[in-house]
Amino acid sequence: MFRPFVSFLIALALVPEQAAPLQCTGIELVSLLQLEPRPLFELRYASPYNFLGTTLYPQLDPQLRCPVALALQQVQQDLAAQGLGLKVWDAYRPLAVQQAMWDAIRNPRYVSDPAVNAGRHTRGTAVDVTLVDRRGNLLPMPTDFDDFSEAAHVDAAGIAPERAANARRLREAMTRRGFQAFPTEWWHFDWKNWTELPVMRR
């Protein structure tokens, strides 16, 4: 049904490293390029290599609300101490992009209906991530990103032990810092207070 995914790693070599961890206040959107240590980024929707087969984002600047970004930075710091890190697939998502995804899928198990709650990504409170080792290699997970099957569900049956263990490790790292796992997508995590923040209309 969907085009196969092709790796699309965004090169950030020209972005200077941060001398200190991100510091911010309030609920404004902040760039995840400021996190220290910095995650890797493979922004699938900023390329045509996604389930819609078209580029949805005009720029490569993943963002989250300040408290959510700070929590993600804590996750990244925790993982760095274990020789691991995060790769980010998606963060804040404009409402028009959310609508395009809903129009294509119309399945609330995998895509939020903007008419119901306007989504979590559109509030800047949700992030799609996976684990990498110290060299940036992906750890084996139950499925690829945006696999709309039951194999992508949290604690899905029949998953190879190594892949299930890695997904569990990611989930534990995220929930330790205030994120909540999304039941049907092992890669999707919501900030615990996401309902308290309004939808971004831009």
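That block above? That's the structure.
1. Description of the sheet that holds strand S2 (residues 40-41)
Move 1: Strand order in this open sheet of 5 strands is S2-S4-S5-S7-S6, and the pairing throughout is mixed. Each of the sheet's edge strands pairs with one partner strand only, and the pair in question is S2 and strand S6 (179-182).
Move 2: As defined by bridge partners, strand S5 (residues 126-133) adjoins strand S7 (residues 185-191) across 3 bridges and the pair is classed as antiparallel. Looking at the pairing, Val127 lines up with Phe189 of S7.
Move 3: Across the sheet, helix H1 (residues 66-80) is in contact with strand S4 (84-90), S5, S6 and S7; its angle to S4 comes to roughly 145°.
Move 4: Where helix H3 (residues 161-175) meets the sheet, it contacts S4, S5, S6 and S7, and its direction lies at approximately 125° from that of S5.

2. As for the pattern of salt bridges
Think of it this way: side chains of opposite charge can pair up when their charged atoms draw near.
Move 1: As enumerated under the stated definition, the model contains 9 salt bridges in all.
Move 2: Note that Glu42 is salt-bridged to Arg44, the shortest N-O span being 3.1 Å.
Move 3: On the basis of relative accessibility, which here comes to 5%, the residue Arg44 falls in the buried class.
Move 4: With its nearest N and O atoms 3.8 Å apart, the salt bridge here joins Arg93 to Asp128. Pair noted here: Arg93 is in the loop between S4 and helix H2 (95-105) and Asp128 is in strand S5, with a separation of 35 residues, a long-range link. The pair Arg93 / Asp128 is uniform in exposure class, with both members buried.
Move 5: Connected through salt bridges with shared partners, the residues Glu42, Arg44, Lys87 and Asp144 form a single ionic network.

3. Topic: the nonpolar core
Move 1: Membership of the largest hydrophobic core comes to 48 residues, with the highest contact counts inside it found for Leu32, Leu72, Val127, Leu170, Met174 and Phe179.
Move 2: Looking at which element gives the most residues to this core, the answer is H1, with 7 residues.
Move 3: Each residue touching Met174, except ones within four places of it in the same chain, is listed here: Leu72, Val75, Val127, Val129, Phe179 and Phe189.

4. Quick look at H3
Move 1: Over its 15 residues, H3 runs 21 Å from end to end, which matches the ideal 21 Å to within 8%, given 1.5 Å per residue.
Move 2: By the burial criterion, the buried members of H3 are Asn166, Ala167, Leu170, Arg171, Ala173 and Met174. Around the axis of H3, the buried residues are gathered within 165° of arc, so they sit on the same side. Turned more than 90 degrees away from the buried face of H3 sit Pro161 and Glu162, all of them exposed.
Move 3: Elements that come into contact with the buried residues of H3 comprise H1, S4, S5, S6 and S7.

5. So, the state of the cysteines
Move 1: Overall, the coordinates contain 1 disulfide when judged by the stated rule.
Move 2: Disulfide pairing places Cys24 opposite Cys66 at an S-S distance of 2.0 Å. Taking the torsion about the sulfur-sulfur bond, which here is approximately 100°, the covalent link between Cys24 and Cys66 counts as right-handed. In this pair, Cys24 sits in the segment before strand S1 (29-31) while Cys66 sits in helix H1, placing the two residues 42 residues apart along the sequence.
Move 3: Assessed through its relative accessible area of 2%, Cys66 is described here as buried.

6. A look at the environment of Gly26
Move 1: Inspection of the secondary structure assignment puts Gly26 in the segment before S1.
Move 2: Sequence spacing of Gly26 and Arg65 is 39 residues, and the spatial spacing of their C-alpha atoms is 8.4 Å.
Move 3: Setting aside residues no more than four positions away along its own chain, Gly26 makes contact with Cys66 and Pro67.

7. Things to note about the packing of aromatic side chains
Move 1: Across all of its chains, the model carries 10 aromatic pairs by this definition.
Move 2: Aromatic pair Tyr45 and Phe145: ring centres 5.8 Å apart, planes at 55°, arrangement tilted. With Tyr45 in the loop between S2 and strand S3 (63-65) and Phe145 in the loop between S5 and H3, this residue pair connects regions lying 100 residues apart in the sequence. Each member of the pair Tyr45 and Phe145 is classed as buried.

Rules used in this analysis
Residues numbered from 1 in each chain as written. Predicted model: local features only at pLDDT ≥ 70, side-chain atom pairs only at ≥ 80, totals over all residues. Heavy atoms only, no water. Pairing = 2+ DSSP bridges. Helix = DSSP H or I, 4+ residues; strand = E, 2+ residues; numbered from the N terminus. Contact = heavy atoms within 4.5 Å. Axes fitted to C-alpha atoms, helices over the stretch in contact; angles between N-to-C directions. Salt bridge = Lys/Arg side-chain N within 4 Å of Asp/Glu carboxyl O. Buried < 20%, exposed > 50% of the residue type's maximum accessible area, 1.4 Å probe, protein only. Core = buried A, V, L, I, M, F, W, Y, C linked by side-chain atoms within 4.5 Å. Expected span 1.5 Å × (residues − 1). Arc of directions from axis to C-beta. Disulfide = S-S within 2.5 Å. Phe/Tyr/Trp six-rings, centres within 6.5 Å; stacked < 30°, edge-to-face > 60°.

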